[in-house]
Amino acid sequence: MRLKDRVAIITGASSGIGAACARLFAREGARVALVARREELLEALLHDIRSEGGEALAIKADVSRPEEVERAVRETVETFGALHILINNAGLSRDNLAVKMSAEEWEEVLRVNLWGTFLFCKAAFRPMRRQRYGKIVNTSSVAIRGNIGQANYAASKAGVVALTRTLALEYARAGIRVNCVAPGIIETAMTEGLPEEMKAEALKRIPLGRLGKPEEVAYLHLFLASPESDYITGQVFVIDGGLTIGI
Ligand SMILES: NC(=O)c1ccc[n+]([C@@H]2O[C@H](COP(=O)([O-])OP(=O)(O)OC[C@H]3O[C@@H](n4cnc5c(N)ncnc54)[C@H](O)[C@@H]3O)[C@@H](O)[C@H]2O)c1
């Protein structure tokens, strides 16, 4: 088991990549705190993990609210006695052309994707520093290269890269590694609603000829959360079936 005795927080755990990551980490021996807003989905996942013999805790919290983030970290440490791994996965998109984009669409995406990531990185620092060890994995996207209709999303995810690199410098002496994954197009609720023509067009541009699966991203998270990656910090790992080769 690659994460035996490790304690991990996974945000946005109620669906998609976060849920796949939670299942995988629990199977690899981690005690996982599942953070999300949708209680029923969290409870169902909690039940699944426990019925497979895993240890988990469900925490209802909005990643963009400082007091809820601090409570989530506190509850995790009180329950499991430590915090070694933070997977900042929660995120959303509100697509629109820039000229039509409302202040609300801009603000909500930046608040959840960038501010929420910052808040969790900040709250995790103290418990990780206490043990002089920590692994943080943030979530960017290949959309940072520019994507029509996603000015807010692309800006938020580019911000996550800058945040990752900066915190990697600030946290290194405390033994905390900070890295980032940048998925391409993964089959989750986020991409489910894309028009079929758009998906068909995207498929033509993916050398491996298919969309990614949440479990495949979870395996990258596993590597970045496990001791095998202890000499890596401040890096961005693209997982996109080759989509961005040559762009
Ligand atoms: N699916 C893709 O193609 C793709 C590509 C690049 C990046 N990503 C990123 O991967 C991450 C996971 O997305 P997914 O594809 O699994 O989609 P998803 O919609 O299934 O999962 C996103 C999760 O974040 C949660 N969330 C959203 N706002 C929240 C908030 N304020 N507080 C707490 N939880 C919140 C949602 O409830 C959901 O559980 C996101 O950060 C997304 O931007 C996804």
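Residues numbered from 1 in each chain as written. Predicted model: local features only at pLDDT ≥ 70, side-chain atom pairs only at ≥ 80, totals over all residues.

All right, on to the nonpolar core then. With 72 residues, the main nonpolar core has Ala8, Ile10, Ala22, Phe25 and Leu34 as its most contacted residues. Counting residues per element, this core draws most heavily on helix α4 (residues 103-130), at 11 residues. If we skip the residues at most four places from it in the chain, Ala22 touches Ile10, Ala13, Val32, Leu34, Leu45 and Ile49. (Core = buried A, V, L, I, M, F, W, Y, C linked by C-beta atoms within 7 Å. Buried ≥ 20, exposed ≤ 12 C-beta atoms within 10 Å, placed from the backbone. Helix = DSSP H or I, 4+ residues; strand = E, 2+ residues; numbered from the N terminus. Contact = placed C-beta atoms within 7 Å.)

Right, let's get into the sheet that holds strand β4 (residues 85-87). Strand order in the open sheet formed by 7 strands is β3-β2-β1-β4-β5-β6-β7, with parallel pairing between adjacent strands. Each end of this open sheet is capped by a strand with a single partner; those strands are β3 (55-60) and β7 (236-239). Geometrically, the sheet is characterised by an average inter-axis angle of 15° between neighbouring strands, direction not taken into account. Sheet strands in contact with α4 are β1 (7-11), β4, β5 (134-139) and β6 (176-183), and its direction is about 175° off that of β5. (Pairing = 2+ DSSP bridges. Axes fitted to C-alpha atoms, helices over the stretch in contact; angles between N-to-C directions.)

With that settled, the discussion passes to the site of the ligand. The full set close to the ligand counts 28 residues, and Gly12, Gly16, Gly91, Ser141 and Thr188 are the nearest of them. The residue makeup of the shell around the ligand, split by class, is 11 nonpolar, 14 polar and 3 charged. (Near = placed C-beta within 6 Å. Nonpolar A, V, L, I, M, F, W, Y, C, P; charged D, E, K, R; others polar.)

So, about the environment of Leu194. For Leu194, the location among the structural elements is in the loop between α6 (189-192) and α7 (196-205). Taking the number of C-beta atoms within 10 Å as the measure of exposure, Leu194 has 14 and is therefore partly exposed. Put simply, Leu194 and Leu167 are 27 residues apart on the chain and 34 Å apart in space, counted from C-alpha to C-alpha.

A word on the environment of Ser64. Here Ser64 lies in the loop between β3 and α3 (66-80). Sequence-distant contacts of Ser64, that is, excluding residues within four places in its chain, are made with Arg111, Val112, Trp115 and Gly116.

This next bit is on unusual backbone geometry. Even without glycine at this site, Asp5 takes up a positive phi of about 70°. Examined against the element boundaries, Asp5 turns out to sit in the segment before β1. Even without glycine at this site, Arg132 takes up a positive phi of about 55°. Note on placement: Arg132 falls in the loop between α4 and β5. Arg132 sits in the exposed class, given 10 other C-beta atoms within 10 Å.

Between its first and last C-alpha, α4 extends 40 Å over 28 residues, near the 40 Å set by a 1.5 Å rise per residue. Just downstream of α4, Arg132 is the residue with a positive phi angle, here 55°. (Expected span 1.5 Å × (residues − 1).)

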